[in-house]
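Fold and geometry: a report
Residues per chain are reported as follows:
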Amino acid sequence: MYTGLLNHYQSFFNLPKTAEVITLHEGQTPLIPAPRLAALLAQETGIEGLRIYLKYDGLNPTGSFKDRGMTCAMTYAKHDGARFVLCASTGNTSASAAAYAARADLETLIIIPKGKIALGKLAQALLYGATIVEIEGNFDQALNIVRAIGEQHADQVAVVNSINPHRISGQRSAAFEVVDALGKAPDYLMIPVGNAGNITAYWQGFKDYQAAGKTAALPKMMGYQAAGAAPIVHNQPIEHPETLATAIRIGNPASWKLAVEARDASGGRIDAVSDEQIIQAYQRLGQLEGVFCEPASAASVAGLFKAAQARQIEAGQTVVCVLTGNGLKDPANGIKASVKQAKRVSLPPDAQTVAQYFGF
Ligand code: F0G
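Let me begin by describing the structure that accompanies this report. (Residues numbered from 1 in each chain as written. Predicted model: local features only at pLDDT ≥ 70, side-chain atom pairs only at ≥ 80, totals over all residues. Heavy atoms only, no water.)

**Thoughts on the overall build of the protein chain**
Counting its regular elements, the protein chain contains 15 helices and ten strands. Taken against the 2.2 N^0.38 rule, which gives 21 Å for 360 residues, the C-alpha radius of gyration of the protein chain at 20 Å falls within 12% of a compact globule. Principal-axis analysis of the C-alpha atoms gives the protein chain an extent of 65 × 55 × 45 Å. Scored against the burial criterion, the 360 residues of the protein chain give a buried share of 56%. Relative to all contacts within the protein chain whose residues are 6 or more apart in sequence, the contacts with residues 24 or more apart total 73%. Put simply, the protein chain shows about 15500 Å² of open surface, and 52% of that area lies on carbon and sulfur atoms. Within the protein chain, one finds 31 positive and 30 negative side-chain charges whose respective centroids are separated by 3 Å. (Helix = DSSP H or I, 4+ residues; strand = E, 2+ residues; numbered from the N terminus. Rg over C-alpha atoms; globule rule 2.2 N^0.38 Å. Buried < 20%, exposed > 50% of the residue type's maximum accessible area, 1.4 Å probe, protein only. Contact = heavy atoms within 4.5 Å. Areas by Shrake-Rupley, 256 points an atom, 1.4 Å probe, with all protein chains shown as cover. Lys, Arg positive; Asp, Glu negative; His and termini not counted. Charge placed at Lys NZ, Arg CZ, Asp CG, Glu CD.)

So this is what it looks like as structure tokens:
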């Protein structure tokens, strides 16, 4: 039986022998081919024969990639004798932290930017039993508060944001799974960038897998920030980040330096995509491939189209787009972006009337 990524990739984790593994059997998410998206991309950009795959990490137990890091961070928090776990979040980290803390019998304390969290994520954190503080401020300010409280109460509190190295360590497993599925690393990895932990973790994961002889080559790391929240692209912090992709509404990423290192060492890029490009990719993923992700996740696919248009990707390459979160987290944006929404009708419960409406 599969019992989660810490057990599955045991040799890549140096867990203390006495640690009890806190797991929801996260990981083993599908790598889904996207041939219709590849055909559309060829038609629009002339870049033919791309093998596009979607790493659908929205199928983790709490619906996002955060579970990969949380199993590891929570296992250590419990082992080290913490009473509380604390995090700032744009939503997914808080949902994941609250779920894993429930299993570990620890208390969860969460700080979120008021009014900027998708409803599904808030529902999760509430149901798992977290204590939630909304601040009149943004994620970056919330993270500063977390750092301060974490330092002051280090004896009782484990900070489970990606400044906790165990988070990054656990998230390397996504890169392991991509290589296991393809038999090698892809040529390009397209990934949304917010606090920049995930791009850092993937790059570390690919390098560790290469060192273990599991892949000869490494991918080019292609990170995408939302245009209104693109500090790395502009090379300066953004004081008031804005994007409808609230998960990546971050103006001063904690792993900024490491993301730049991953970009440069891999020969990749970090670029910005507009909210319009994000929404178009979000719609296309649903309508062409039957995959419902969060708007923030669609930044990876928006980035792929942008890179192809700019001739930054050659024909025939293998490309993995990371879909970080499940679309069900944010039904409001799903409905808003749906092209058929305007055409929804209400009819009497009569077969003939309904058939007629369908055009039979
Ligand atoms: N996609 C989703 C769905 C996210 O929730 C996040 C980050 C990212 C992408 C960006 O990943 O921060 O590692 O660069 N969400 C964090 C949170 C900030 O609080 O849930 P990153």
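**Regarding the site of the ligand**
Near the ligand there are 18 residues, and of these Ser89, Asn195, Ala196, Asn198 and Thr324 occur at the shortest range. Within the side chain of Ser89, one N or O atom sits 2.7 Å away from an oxygen atom of the ligand. Here an oxygen atom of the ligand and a side-chain polar atom of Asn92 are 2.8 Å apart. Relative to its unbound accessible surface of 480 Å², the ligand loses 99% to contact with the protein. Judged by its atoms lying within 2 Å of the grid points, the ligand is housed in the largest cavity. Of all elements in the fold, only helix H4 (92–104) and helix H9 (197–211) reach the threshold of two or more residues within the shell around the ligand. Among the residues forming the shell around the ligand, the class breakdown is six nonpolar, ten polar and two charged. (Near = heavy atom within 4 Å. Polar contact = N/O pair within 3.5 Å; in protein donor to acceptor, adjacent residues only side chain to side chain. 1 Å grid on protein atoms, 1.4 Å probe; cavity = no way out; pocket = protein on both sides within 12 Å on 5 of 7 lines; lining within 4 Å. Sits in = over half its atoms within 2 Å of the grid points. Nonpolar A, V, L, I, M, F, W, Y, C, P; charged D, E, K, R; others polar.)

**Some remarks on empty space enclosed by the protein**
Applying the stated criterion across every chain, the model contains one cavity of 30 Å³ or more. Volume-wise, the largest cavity comes out at about 320 Å³. For the largest cavity, the lining is made up of 28 residues, of which Phe65, Lys66, Gly194, Asn195 and Ala247 are closest to its centre. Ranked by residues supplied to the lining of the largest cavity, first place goes to H9 with three residues. Residues that form the lining of the largest cavity fall into these classes: eleven nonpolar, 14 polar and three charged. (Points joined across faces, edges and corners; volume = space filled by probe spheres on them.)

**Let's talk about the packing of aromatic side chains**
By the definition in use, this model includes eight aromatic pairs. Between Phe12 and Phe176, the ring centres sit 4.7 Å apart and the planes meet at 45°, which makes this aromatic pair tilted. Here Phe176 lies in helix H8 (residues 173–182) and Phe12 lies in the loop between helix H1 (5–8) and strand S1 (31–33), a separation of 164 residues in the sequence. Judged by centre distance (6.1 Å) and plane angle (55°), the rings of Tyr357 and Phe358 are tilted. Joined through ring pairs, the aromatic side chains of Tyr9, Phe12, Phe176 and Tyr209 make up one cluster. The lysine or arginine in question, Arg172, covers the ring of Phe13, its NZ or CZ lying 4.9 Å from the ring centre. Stacked on the ring of Phe305, the Lys or Arg Arg284 has its end atom at 5.0 Å from the ring centre. (Phe/Tyr/Trp six-rings, centres within 6.5 Å; stacked < 30°, edge-to-face > 60°. Lys NZ or Arg CZ within 6 Å of the ring centre and 35° of its normal.)

**A short note on the environment of Pro348**
Locating Pro348 in the fold gives a position in the loop between helix H14 (331–336) and helix H15 (351–358). The class of Pro348 is partly exposed, set by a relative accessible area of 46%. If near-sequence neighbours (up to four positions away) are discounted, Pro348 is found in contact with Thr353 and Val354.

**Observations regarding the side chain of Lys66**
Mapped onto the secondary structure, Lys66 falls in helix H3 (residues 66–79). Buried within the structure, Lys66 lacks any salt-bridge partner; its nearest side chain of opposite charge belongs to Glu294, at an N-O separation of 8.8 Å. Setting aside its immediate chain neighbours within four residues, Lys66 contacts Asn92, Thr93, Ser96 and Arg167. (Salt bridge = Lys/Arg side-chain N within 4 Å of Asp/Glu carboxyl O.)

**Focus on the sheet that holds strand S10 (residues 318–323)**
Strand order in this open sheet of six strands is S1-S2-S10-S7-S8-S9, and the pairing throughout is mixed. Looking at which strands have only one partner, the edges of the open sheet turn out to be S1 and strand S9 (269–273). Within the sheet, the average angular offset between the axes of one strand and its neighbour, ignoring direction, is 25°. Pairing geometry for S1 and strand S2 (residues 51–56), over three bridges, is antiparallel. (Pairing = 2+ DSSP bridges. Axes fitted to C-alpha atoms, helices over the stretch in contact; angles between N-to-C directions.)

**Focus on the nonpolar core**
One finds Met190, Val301 and Leu304 to be the most contacted residues of the largest nonpolar core, which totals 40 residues. For this core, the secondary-structure elements that each account for two or more residues are helix H2 (35–45), S2, strand S7 (188–192), strand S8 (220–226), helix H12 (275–289), helix H13 (295–309) and S10. Excluding residues that lie within four positions of it along the chain, Met190 makes contacts with Met222, Tyr224, Ser300, Gly303, Leu304, Ala307, Ile313, Val319, Val320, Cys321 and Val322. Tyr2, Val193, Trp203 and Val320 belong to the second-largest nonpolar core, a separate cluster that totals 33 residues. (Core = buried A, V, L, I, M, F, W, Y, C linked by side-chain atoms within 4.5 Å.)

**Remarks on a nonpolar patch on the surface**
Taken together, the side chains of Val345, Leu347, Tyr357, Phe358 and Phe360 make up a nonpolar region of the molecular surface, amounting to roughly 590 Å² of accessible area. Owing to a relative accessible area of 57%, Phe358 belongs among the exposed residues under this scheme. (Patch = residues over 30% accessible without salt bridge, like charges linked within 9 Å, V, L, I, M, F, W, Y side chains within 5 Å.)

All quantities given are derived from atomic positions and should not be read as evidence of function.
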